[in-house]
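Inside the fold
So the chains spell out like this:
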Amino acid sequence: MIRINDIIDRIVENNPDADVDIVDRAYIFSARVHHGQVRLSGEPYLTHPLEVAYILSDMNLDVVSVAAGLLHDVIEDTHATEDEIREMFGKDVLHCVSGVTKLGKLSFGSAQARQAESIRKMLLAMADDIRVILIKLADRIHNMRTLGFHKKESKKRQISQETLDIYAPIASRLGIYWMKKELEDISFMHLMPDRYAEIERRVSQDRVERENYIETVNDKIREEMEKAGLKCEVMGRYKHFYSIYQKMAKQNLNFEDIYDIIAFRIILGTKYQCYEALGHLHDLWKPIDIKFKDYIGRPKPNMYQSLHTTVIGPKGQRIEIQIRTQEMDKVAKSGIAAHWGYKEDRRMDEDITQRFAWIQNLIENQESFNDPDEFLENVRIDLFPDEVYVFTPNGEIKTLPKGATPVDFAYMIHTEVGSQCIGAKVNRRMVPLKYELQTGDVVEIVTQQNHNPSKDWLGFVRTVKARSRIRQWIKTQDKNRSVSIGREMCEKRFRKHKLNFAELLRSDEMAGVVEQFGFKSVDDLLASIGYGKVTPLQVVRKFQPREEEASEGEAAQPSWLMSRITGRKRPRKPKTGVKVKGHDDILIRFGRCCQPLPGDRITGYITRGHGVTVHQAGCVNALKMNPDRQIDVEWHHEKAETFPVKILILSHDRVGLLADLAANISKNGANIMAANSETRGNNTVESRFTLAVRDTQHLDKVLAAIRKVKTITEARRIKT
Ligand code: MN
């Protein structure tokens, strides 16, 4: 049984300067609060945190990890509070303890193997400190070692399956192979006791023979290395049972057919000796080409380094050999944790981001990896997740980009759910639709039939799907609106000409007219009328060709529009500087009231028969518009294009004032289109200029220059 002194000895052995006081205090506290609790094994509960802490100290982790290991169950299982932990042991220990507690609360149910990868990522994402994961793994190791004390068979199986699906792969990804192997073997034993027993029996059956074989190979390798003047350590051992089982299952082999169940390891002094040793081995025994892997030249993403080769050894048996240095062996044993031990002068209160500095370094130096994509995939995604993992109400995991909202989640479930979403509950509480989802959240969407998406959602959704679905809806909406506006306009116009538009709409003649205008459907024609690209009168003329240009001045069509209708040549797109989202050639005009400039936020207003008028978003006239006729527009101007804007300049009167102003304005690339100055009382001059500028930035530059002119007191943009 592990005692606290074993743990402290282990820590001091690794780092004589370690501050073991915190570990001592954590032990005393843990012993006090767990007092009287008993494990299923009948032992005092305290044995569990002690074992966990010992594993962590053995992995050469810092005192914070070890103390947190001793305290990892106190929040969940005792009356101890987070405040107490913070006060007594500091925020780092608390962070680790509450991290482990949080992970412990997740339950993955059963039959979720297909979600295993998401769950693994989620665990890594939730543990924003790698130490949380290491403590959780140590906890799981000890729980697996004592799993036999569980009475319920189903519980044992469930825990084993979860270990096999989730925790063993995490240990493997972090490069802690001893943990991976142990977790796999114990899970295998509980999940497939017959298979496990069979392999165990077979391995021990001809144990003597095998052990002799191992001895022979060991001696031969040592002899060969000595001959070459290489100092080394050689070990031969059985592969772990689960990997033997996997090999049998995957390749459909019998136990007798598996030769390389023994693996040898050679530890040398330097990297070059490793390659040298490999050369001698390949000279001694014939290598199987495809089985050679150089993880020294190409380390695994988790930093694992080694040469792997399989050769035809004595008696024609295939043997697997790993060759590496002492240092590489240390990394292979504790993986990522090897980099997380004591470092000289390491401060306890280091920022979490700094704790990951070494990973950052690796990312920056990724050219040293032959497959940077794979590397980034493994390290960055896992430890700096830019994804969040949330649950549906029935426990399914969904992966979303960081910053995603309930609306993104709703669209991910189904487009219908997205568009009819009126609210969301996260962990059973109502949240705003723009709430930022957190990993581990349980999300439930409240929907209402016939509810529609809102344009505002575009301001906060993060996923492509949500964005494009919302846009699509708005576009359809816009079109529907212009169709009905177009229809209304036609009805009016047709009535004037004593025609029944509703009736004609269904006639074959109308179909012909639609085609003549070059549209695919009546709706397209109506929409185009609604947008002001085609006038109702032009349509009337198709039905009453005689009655030409009779009634109103509406015949004065822009020439580009006429040429389009007669179909002689494609009209040039009118140059307007603004684009209606989703539509290419709509007639655009600017509101004279507010004179928008590129850079201003703008909005469009569908007029009756004159296309779209563009206003500044905050323009009083725009605010008064019927919201049904409002349409999204965006700037789409060419660099050289200029736009009119009015400015007001106040100054004291003096000789040469106007000349100075004009010189400054033109020096800054703006044209004066109109100017008007008046002298007021108090010797002040009020000047109004209309300038042609490129955009708001340009205007700001001009105004700044004007303000520097002598005696100018004020210069600003004004509305007309
Ligand atoms: Mn525990």
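Residues numbered from 1 in each chain as written. Predicted model: local features only at pLDDT ≥ 70, side-chain atom pairs only at ≥ 80, totals over all residues. Heavy atoms only, no water.

**Quick word on the overall build of the protein**
Helix and strand content of the protein: 29 helices and 21 strands. A fraction of 66% describes how many contacts in the protein between residues 6 or more apart in sequence connect residues 24 or more apart. Accessible area for the protein stands at about 37,000 Å²; split by element, carbon and sulfur atoms hold 47% of it. (Helix = DSSP H or I, 4+ residues; strand = E, 2+ residues; numbered from the N terminus. Contact = heavy atoms within 4.5 Å. Areas by Shrake-Rupley, 256 points an atom, 1.4 Å probe, with all protein chains shown as cover.)

**Considerations on the pairing of strand β8 (residues 397-401)**
Two strands pair when backbone bridges link them, and strand β7 (residues 387-391) and β8 are joined in this way by five bridges, in the antiparallel orientation. Within β8, the position partnered with valine 388 by the bridge is leucine 400. Hairpin connection between β7 and β8: a loop of five residues separates the two successive antiparallel strands, and glycine 395 in this loop has a positive phi of roughly 90°. (Pairing = 2+ DSSP bridges.)

**Regarding the sheet that holds strand β18 (residues 643-652)**
The strand order across the open sheet formed by four strands is β19-β20-β18-β21, and the pairing between neighbours is antiparallel. The strands lining the two open edges of the sheet, one partner per strand, are β19 (671-679) and β21 (712-718). Neighbour to neighbour, the strand axes of the sheet diverge by 20° on average, direction disregarded. Note that β19 and strand β20 (residues 684-693) share eight bridges and pair antiparallel. Paired with serine 677 across the two strands is serine 687, which belongs to β20. Along the sheet, helix α28 (residues 657-667) makes contact with β18, β19, β20 and β21, crossing β20 at roughly 25°. Together, β18, β20 and β21 form the strand contacts of helix α29 (residues 696-707), whose direction differs from that of β21 by roughly 165°. (Axes fitted to C-alpha atoms, helices over the stretch in contact; angles between N-to-C directions.)

**Considerations on the confidence of the model for the protein**
Mean pLDDT for the protein: 81, with 84% of residues reaching 70 or above. For residues 341-382, every residue scores under 50 in pLDDT, and the model assigns this stretch 66 contacts once sequence neighbours within four places are set aside. Residue range residues 547-574 is modelled with pLDDT below 50. Its contacts to residues more than four positions away, or to other chains, number 34 contacts. (pLDDT = per-residue confidence, 0-100.)

**Some thoughts on the packing of aromatic side chains**
Evaluated as defined, the whole model comprises 13 aromatic pairs. Centre to centre, the rings of phenylalanine 29 and phenylalanine 89 are 5.8 Å apart; their planes meet at 75°, and the pair counts as edge-to-face. A residue pair is termed long-range when its members are at least 10 positions apart, and phenylalanine 29 in helix α2 (residues 21-33) and phenylalanine 89 in helix α6 (residues 82-105) qualify at 60 residues. An angle of 70° between the planes, with centres 5.7 Å apart, marks the rings of phenylalanine 494 and phenylalanine 543 as edge-to-face. With a gap of 49 residues between them, phenylalanine 494 in helix α21 (residues 464-496) and phenylalanine 543 in helix α25 (residues 536-543) connect regions that are remote in the sequence. Phenylalanine 543 matches phenylalanine 494 in its accessibility class, with the two residues each being buried. By the ring-pair criterion, three or more aromatic residues cluster together here, those being Phe188, Tyr196, Phe241, Tyr242 and Tyr245. Positioned over the ring face of tyrosine 45 is arginine 39, at 5.8 Å from the centre of the ring. Lysine 542 extends its terminal NZ or CZ atom over the ring of phenylalanine 517, reaching a point 5.3 Å from the ring centre. (Phe/Tyr/Trp six-rings, centres within 6.5 Å; stacked < 30°, edge-to-face > 60°. Buried < 20%, exposed > 50% of the residue type's maximum accessible area, 1.4 Å probe, protein only. Lys NZ or Arg CZ within 6 Å of the ring centre and 35° of its normal.)

**Describing the coordination of the manganese ion**
Donor atoms from the polypeptide that bind the manganese ion are His48 (NE2), His72 (NE2), Asp73 (OD) and Asp139 (OD), placed at 2.1 to 2.4 Å. Counting residues between consecutive donors of the manganese ion along the chain gives the motif H-x23-H-D-x65-D. With histidine 72 in the loop between α4 (63-71) and α5 (74-77) and aspartate 139 in helix α8 (residues 130-145), this residue pair connects regions lying 67 residues apart in the sequence. For histidine 72, a relative accessible area of 2% gives the class buried. (Donors = N, O, S within 2.8 Å, 3.2 Å for Na, K, Ca; no water.)

**Describing the side chain of arginine 210**
Residue position: arginine 210 is located in helix α12 (residues 207-227). Sequence-distant contacts of arginine 210, that is, excluding residues within four places in its chain, are made with Val203, Tyr238, Phe255 and Ile261.

**Points about the environment of valine 63**
With respect to the secondary-structure elements, valine 63 resides in helix α4. Taking the relative accessible area as the measure of exposure, valine 63 reaches 3% and is therefore buried. Separated by 41 residues in sequence, valine 63 and isoleucine 22 have C-alpha atoms that sit 7.2 Å apart.

**Focus on the packing of α8 against helix α9 (residues 153-173)**
Here α8 crosses α9 at 140°, and the two axes come no closer than 11 Å. Relative to α9, the element α8 is oriented oblique. As for how α8 packs across α9, the hand of that crossing is left-handed. Along the contact surface, α8 presents Ile133, Lys136, Leu137, Arg140 and Met144, while α9 presents Ile159, Ser160, Glu162, Thr163, Tyr167, Ile170 and Ala171. Across the contact of α8 with α9, the residue classes tally to seven nonpolar, two polar and three charged. (Parallel < 35°, antiparallel > 145°, perpendicular 65-115°, else oblique. Left-handed = near helix turned anticlockwise from the far one by under 90°. Nonpolar A, V, L, I, M, F, W, Y, C, P; charged D, E, K, R; others polar.)

**Quick word on the nonpolar core**
Membership of the largest hydrophobic core comes to 66 residues, with the highest contact counts inside it found for Ile7, Val23, Val93, Leu137 and Met179. With nine residues, the single largest contributor to this core is α8. Aside from chain neighbours lying at most four places away, what touches leucine 137 is Tyr167, Ile170, Ala171, Leu174, Ile176, Met179 and Leu183. Counting 53 residues, the second largest nonpolar core, distinct from the first, contains Ile485, Ala527, Tyr531 and Val685. (Core = buried A, V, L, I, M, F, W, Y, C linked by side-chain atoms within 4.5 Å.)

**Brief notes about α29**
The end-to-end C-alpha distance of α29 is 16 Å, a good match for the 16 Å that twelve residues give at a rise of 1.5 Å each. Of all the residues in α29, the buried ones are Thr696, His698, Leu699, Val702, Leu703, Ala705 and Ile706. Where α29 is buried, its residues meet β18, α28, β20 and β21. (Expected span 1.5 Å × (residues − 1).)

**Section: the sheet that holds strand β10 (residues 429-431)**
Pairing is antiparallel across the open sheet formed by three strands, whose spatial order is β10-β9-β11. What marks the edges here is a single partner per strand, and that holds for β10 and β11 (443-447). With direction set aside, neighbouring strand axes in the sheet form an average angle of 35°. As defined by bridge partners, strand β9 (residues 421-426) adjoins β10 across three bridges and the pair is classed as antiparallel. Its bridge partner being in β10, lysine 425 is matched across the sheet by methionine 430. Each of β9, β10 and β11 touches helix α19 (residues 406-413); the most contacted strand, β11, lies at about 80° to it.

**Focus on the packing of α4 against α6**
Two elements in contact, α4 and α6, have axes separated by 9 Å at closest approach and are oriented at 60°. Classified by the angle between their axes, α4 and α6 sit oblique to one another. Crossing geometry of α4 relative to α6 is assigned as right-handed. Here α4 contributes Val64, Ala67, Ala68 and Leu71 to the contact with α6, which in turn contributes Phe89, Asp92, Val93, Cys96 and Val97. In terms of residue class, the contact of α4 with α6 is built from eight nonpolar, no polar and one charged.

**Focus on unusual backbone geometry**
Note: most residues except glycine have negative phi, and most peptide bonds are trans. If you check the backbone angles, asparagine 252 has positive phi at about 55° while not being a glycine. With respect to the helices and strands, asparagine 252 occurs in the loop between α13 (241-251) and β2 (262-268). In this structure asparagine 252 comes out as exposed when scored by relative accessible area, which is 70%. Phi is positive for lysine 498, close to 60°, though the residue is something other than glycine. Relative to the helices and strands, lysine 498 resides in the loop between α21 and α22 (501-505).

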